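# Commentary on secondary and tertiary structure
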Amino acid sequence: MVALVTLVIPSAMIALTEVVRTGRAMPSGLRWRGADVPLWLVRVYRHNGVFILGAGLAELTVDLAKNYVGRLRPNFLAACNPVTPGDASSYTNLCAAATPGNPVYIPPSAYVCLGDPDDEKEARASFPSGHSVLAFYAAVYLALFVQSRLKRSTGTLALLRPLVQWLVLLVAWWIALSRIVDHMHHPGDVLAGAVIGTLFAALQAFLVSGMFADERAPADQLVVLSPTKTYTSPNCV
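What comes next is a walk through the structure. Predicted model only: the values in this text are computed from it and were never measured.

### Notes on a nonpolar patch on the surface
The grouping of L16, V20, L157, L160, L163, W166, L167, L170, W173 and L177 at the surface amounts to a nonpolar patch, some 930 Å² of accessible area in total. Looking at the nonpolar patch element by element, the count peaks at 8 residues for helix α6 (residues 156-181). If you trace the backbone, W173 turns up in helix α6. Judged by relative accessible area, W173 falls into the partly exposed class, the value being 49%.

This is the structure:
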(Lines give C-alpha, C1' and ligand atoms only; values in the text may rest on other atoms or scores of the structure.)
Protein backbone atom coordinates (compact mmCIF):
# COMPACT_ATOMS: atom_id res chain seq x y z
CA MET A 1 0.00 0.00 0.00
CA VAL A 2 2.82 2.40 0.88
CA ALA A 3 4.63 1.65 -2.39
CA LEU A 4 1.41 2.30 -4.31
CA VAL A 5 0.81 5.69 -2.69
CA THR A 6 4.41 6.91 -2.60
CA LEU A 7 5.89 5.43 -5.80
CA VAL A 8 3.38 4.10 -8.33
CA ILE A 9 0.80 6.90 -8.19
CA PRO A 10 3.39 9.75 -8.28
CA SER A 11 5.19 8.08 -11.20
CA ALA A 12 1.91 7.82 -13.09
CA MET A 13 1.12 11.48 -12.37
CA ILE A 14 4.56 12.53 -13.61
CA ALA A 15 3.98 10.61 -16.84
CA LEU A 16 0.51 12.07 -17.32
CA THR A 17 1.78 15.61 -16.71
CA GLU A 18 4.51 15.24 -19.32
CA VAL A 19 2.12 13.82 -21.91
CA VAL A 20 -0.32 16.69 -21.38
CA ARG A 21 2.40 19.34 -21.33
CA THR A 22 4.59 18.10 -24.17
CA GLY A 23 2.18 16.34 -26.49
CA ARG A 24 2.60 12.81 -27.72
CA ALA A 25 3.76 13.71 -31.23
CA MET A 26 6.65 16.08 -30.46
CA PRO A 27 9.99 14.46 -31.39
CA SER A 28 13.00 14.40 -29.09
CA GLY A 29 15.68 14.20 -31.75
CA LEU A 30 16.59 10.71 -30.54
CA ARG A 31 16.10 7.53 -32.50
CA TRP A 32 15.90 3.93 -31.34
CA ARG A 33 15.95 1.10 -33.88
CA GLY A 34 15.10 3.50 -36.65
CA ALA A 35 12.11 5.06 -34.90
CA ASP A 36 11.81 8.54 -33.45
CA VAL A 37 11.59 8.60 -29.67
CA PRO A 38 8.86 11.04 -28.54
CA LEU A 39 9.95 13.86 -26.28
CA TRP A 40 7.39 13.03 -23.59
CA LEU A 41 8.86 9.54 -23.22
CA VAL A 42 12.38 10.91 -22.78
CA ARG A 43 11.20 13.33 -20.11
CA VAL A 44 9.10 10.71 -18.31
CA TYR A 45 12.09 8.37 -18.26
CA ARG A 46 14.34 11.08 -16.86
CA HIS A 47 12.02 12.53 -14.24
CA ASN A 48 10.74 9.17 -13.02
CA GLY A 49 14.32 7.90 -12.89
CA VAL A 50 15.35 10.85 -10.73
CA PHE A 51 12.25 10.39 -8.57
CA ILE A 52 12.84 6.68 -7.94
CA LEU A 53 16.56 7.24 -7.34
CA GLY A 54 15.77 9.82 -4.68
CA ALA A 55 13.26 7.48 -3.04
CA GLY A 56 15.90 4.77 -2.88
CA LEU A 57 18.47 7.11 -1.34
CA ALA A 58 15.94 8.35 1.20
CA GLU A 59 15.04 4.77 2.14
CA LEU A 60 18.74 3.93 2.51
CA THR A 61 19.13 6.88 4.87
CA VAL A 62 16.19 5.62 6.92
CA ASP A 63 17.64 2.11 7.17
CA LEU A 64 21.00 3.46 8.32
CA ALA A 65 19.33 5.57 11.02
CA LYS A 66 17.11 2.73 12.20
CA ASN A 67 20.05 0.36 12.55
CA TYR A 68 22.28 2.92 14.25
CA VAL A 69 19.79 4.77 16.48
CA GLY A 70 16.85 2.41 16.71
CA ARG A 71 14.65 3.61 19.58
CA LEU A 72 11.75 1.63 20.99
CA ARG A 73 8.37 2.07 19.37
CA PRO A 74 5.38 3.08 21.51
CA ASN A 75 4.01 -0.47 21.10
CA PHE A 76 7.25 -2.14 22.18
CA LEU A 77 5.82 -3.76 25.32
CA ALA A 78 2.99 -5.34 23.37
CA ALA A 79 5.36 -6.64 20.70
CA CYS A 80 8.01 -7.85 23.14
CA ASN A 81 5.85 -9.22 25.98
CA PRO A 82 8.85 -9.05 28.37
CA VAL A 83 9.31 -11.19 31.46
CA THR A 84 12.05 -11.45 34.07
CA PRO A 85 14.54 -14.20 33.19
CA GLY A 86 13.97 -17.36 35.21
CA ASP A 87 10.28 -16.89 35.95
CA ALA A 88 7.05 -15.99 34.24
CA SER A 89 6.37 -12.75 36.10
CA SER A 90 4.82 -9.87 34.25
CA TYR A 91 6.88 -6.98 32.97
CA THR A 92 5.08 -4.81 35.52
CA ASN A 93 7.39 -6.27 38.17
CA LEU A 94 10.32 -4.78 36.30
CA CYS A 95 8.85 -1.32 36.78
CA ALA A 96 8.07 -1.67 40.48
CA ALA A 97 10.86 0.71 41.48
CA ALA A 98 9.67 3.42 39.13
CA THR A 99 7.56 6.28 40.43
CA PRO A 100 5.98 9.27 38.67
CA GLY A 101 8.77 11.65 37.76
CA ASN A 102 11.41 9.05 38.63
CA PRO A 103 11.74 6.66 35.68
CA VAL A 104 13.95 3.63 35.99
CA TYR A 105 16.16 2.40 33.17
CA ILE A 106 15.72 -1.31 32.55
CA PRO A 107 18.68 -2.81 30.65
CA PRO A 108 17.99 -5.48 28.03
CA SER A 109 19.72 -8.05 30.23
CA ALA A 110 16.98 -7.65 32.86
CA TYR A 111 14.23 -9.15 30.71
CA VAL A 112 13.53 -11.50 27.85
CA CYS A 113 10.88 -11.11 25.16
CA LEU A 114 8.29 -13.82 24.70
CA GLY A 115 6.84 -12.20 21.59
CA ASP A 116 7.67 -12.95 17.98
CA PRO A 117 11.38 -12.19 17.33
CA ASP A 118 10.58 -10.37 14.09
CA ASP A 119 8.00 -8.19 15.82
CA GLU A 120 10.49 -7.46 18.60
CA LYS A 121 13.19 -6.45 16.12
CA GLU A 122 10.78 -4.18 14.28
CA ALA A 123 9.64 -2.65 17.57
CA ARG A 124 13.22 -1.53 18.23
CA ALA A 125 13.40 0.52 15.01
CA SER A 126 11.21 3.53 15.63
CA PHE A 127 13.49 6.38 14.54
CA PRO A 128 12.88 7.79 12.00
CA SER A 129 9.50 7.00 10.49
CA GLY A 130 10.07 5.39 7.10
CA HIS A 131 6.45 5.92 6.09
CA SER A 132 6.77 9.65 6.79
CA VAL A 133 10.02 9.87 4.82
CA LEU A 134 8.55 8.30 1.69
CA ALA A 135 5.22 10.10 2.03
CA PHE A 136 6.75 13.56 2.31
CA TYR A 137 9.40 12.80 -0.29
CA ALA A 138 6.76 11.80 -2.83
CA ALA A 139 4.41 14.66 -1.93
CA VAL A 140 7.00 17.44 -1.98
CA TYR A 141 8.68 16.15 -5.15
CA LEU A 142 5.34 15.85 -6.91
CA ALA A 143 4.24 19.30 -5.74
CA LEU A 144 7.47 20.83 -7.06
CA PHE A 145 7.18 18.89 -10.30
CA VAL A 146 3.64 20.09 -10.94
CA GLN A 147 4.71 23.65 -10.12
CA SER A 148 7.59 23.52 -12.59
CA ARG A 149 5.74 21.84 -15.44
CA LEU A 150 2.43 23.69 -15.21
CA LYS A 151 3.63 27.12 -14.07
CA ARG A 152 2.57 28.75 -17.35
CA SER A 153 -0.76 26.95 -17.56
CA THR A 154 -4.02 28.83 -17.89
CA GLY A 155 -7.66 27.97 -17.46
CA THR A 156 -8.49 24.62 -15.89
CA LEU A 157 -4.87 23.51 -15.50
CA ALA A 158 -4.03 26.70 -13.62
CA LEU A 159 -6.76 25.87 -11.10
CA LEU A 160 -5.87 22.18 -11.01
CA ARG A 161 -2.22 22.76 -10.10
CA PRO A 162 -2.69 24.11 -6.53
CA LEU A 163 -5.43 21.56 -5.90
CA VAL A 164 -3.11 18.66 -6.78
CA GLN A 165 -0.33 20.15 -4.67
CA TRP A 166 -2.62 20.53 -1.67
CA LEU A 167 -3.99 17.00 -2.05
CA VAL A 168 -0.61 15.27 -2.21
CA LEU A 169 0.66 17.19 0.81
CA LEU A 170 -2.55 16.38 2.68
CA VAL A 171 -2.08 12.67 1.97
CA ALA A 172 1.49 12.83 3.28
CA TRP A 173 0.27 14.61 6.42
CA TRP A 174 -2.42 11.96 6.93
CA ILE A 175 0.09 9.11 6.56
CA ALA A 176 2.40 10.75 9.09
CA LEU A 177 -0.40 11.26 11.62
CA SER A 178 -1.61 7.68 11.17
CA ARG A 179 1.77 6.39 12.37
CA ILE A 180 1.27 8.22 15.67
CA VAL A 181 -2.37 7.19 16.03
CA ASP A 182 -1.47 3.53 15.40
CA HIS A 183 1.23 3.72 18.13
CA MET A 184 3.92 2.80 15.62
CA HIS A 185 6.01 5.97 16.06
CA HIS A 186 6.66 8.81 18.44
CA PRO A 187 5.93 12.36 17.20
CA GLY A 188 9.66 13.02 16.96
CA ASP A 189 10.08 10.04 14.63
CA VAL A 190 7.40 11.39 12.32
CA LEU A 191 8.83 14.90 12.38
CA ALA A 192 12.31 13.63 11.54
CA GLY A 193 10.87 11.55 8.72
CA ALA A 194 9.04 14.54 7.27
CA VAL A 195 12.22 16.64 7.36
CA ILE A 196 14.31 13.92 5.71
CA GLY A 197 11.73 13.31 3.00
CA THR A 198 11.32 17.01 2.26
CA LEU A 199 15.09 17.52 2.12
CA PHE A 200 15.63 14.67 -0.34
CA ALA A 201 12.75 15.88 -2.51
CA ALA A 202 14.18 19.40 -2.68
CA LEU A 203 17.67 18.14 -3.49
CA GLN A 204 16.41 15.88 -6.27
CA ALA A 205 14.13 18.55 -7.69
CA PHE A 206 16.54 21.49 -7.71
CA LEU A 207 19.96 19.86 -8.06
CA VAL A 208 19.41 16.64 -10.02
CA SER A 209 16.28 16.66 -12.15
CA GLY A 210 16.58 20.11 -13.71
CA MET A 211 12.79 20.33 -13.73
CA PHE A 212 12.87 24.10 -13.31
CA ALA A 213 15.14 24.60 -16.31
CA ASP A 214 13.58 26.36 -19.28
CA GLU A 215 13.31 23.31 -21.49
CA ARG A 216 12.50 23.54 -25.15
CA ALA A 217 11.96 20.77 -27.61
CA PRO A 218 15.05 19.98 -29.66
CA ALA A 219 12.99 20.67 -32.79
CA ASP A 220 12.53 24.25 -31.62
CA GLN A 221 16.28 24.71 -31.37
CA LEU A 222 17.14 23.52 -34.86
CA VAL A 223 17.93 26.17 -37.45
CA VAL A 224 18.03 25.19 -41.10
CA LEU A 225 20.44 27.48 -42.94
CA SER A 226 19.98 28.29 -46.61
CA PRO A 227 23.15 28.89 -48.68
CA THR A 228 21.37 31.55 -50.75
CA LYS A 229 20.12 33.65 -47.87
CA THR A 230 22.06 36.15 -45.78
CA TYR A 231 21.54 35.92 -42.03
CA THR A 232 22.15 38.80 -39.66
CA SER A 233 22.22 38.79 -35.91
CA PRO A 234 19.12 40.30 -34.29
CA ASN A 235 21.49 42.25 -32.03
CA CYS A 236 23.19 44.03 -34.94
CA VAL A 237 22.23 47.63 -35.69
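### Topic: unusual backbone geometry
For the peptide bond that leads from F127 to P128, omega is -10 degrees, which places it in the cis range. Among the secondary structure elements, P128 is positioned in the loop between α4 (117-123) and α5 (130-149). In this structure, R71 is a non-glycine residue whose phi angle is positive, near 80 degrees. Among the structural elements, R71 can be located in the loop between α2 (39-68) and α3 (76-80). One non-glycine residue with positive phi stands out, namely N81, at about 55 degrees.

### Let's talk about the packing of aromatic side chains
All told, the structure shown has 4 aromatic pairs when counted by the stated rule. Relative to Y137, the ring of F51 has its centre 5.4 Å away and its plane inclined at 20 degrees; by these criteria the two rings are stacked. On the criterion of sequence distance, the pair formed by F51 in helix α2 and Y137 in helix α5 is long-range, its members being 86 residues apart. Like Y137, F51 is buried. On the numbers, 5.3 Å between centres and 45 degrees between planes, the contact of F51 with Y141 is tilted. Note that F51 is positioned in helix α2 and Y141 in helix α5, a separation of 90 residues in sequence. Ring pairs connect the aromatic residues F51, Y137 and Y141, which therefore count as one cluster.

Here is what the cut-offs are and how they apply
Residues numbered from 1 in each chain as written. Predicted model: local features only at pLDDT ≥ 70, side-chain atom pairs only at ≥ 80, totals over all residues. Heavy atoms only, no water. Patch = residues over 30% accessible without salt bridge, like charges linked within 9 Å, V, L, I, M, F, W, Y side chains within 5 Å. Areas by Shrake-Rupley, 256 points an atom, 1.4 Å probe, with all protein chains shown as cover. Salt bridge = Lys/Arg side-chain N within 4 Å of Asp/Glu carboxyl O. Helix = DSSP H or I, 4+ residues; strand = E, 2+ residues; numbered from the N terminus. Buried < 20%, exposed > 50% of the residue type's maximum accessible area, 1.4 Å probe, protein only. Phe/Tyr/Trp six-rings, centres within 6.5 Å; stacked < 30°, edge-to-face > 60°.

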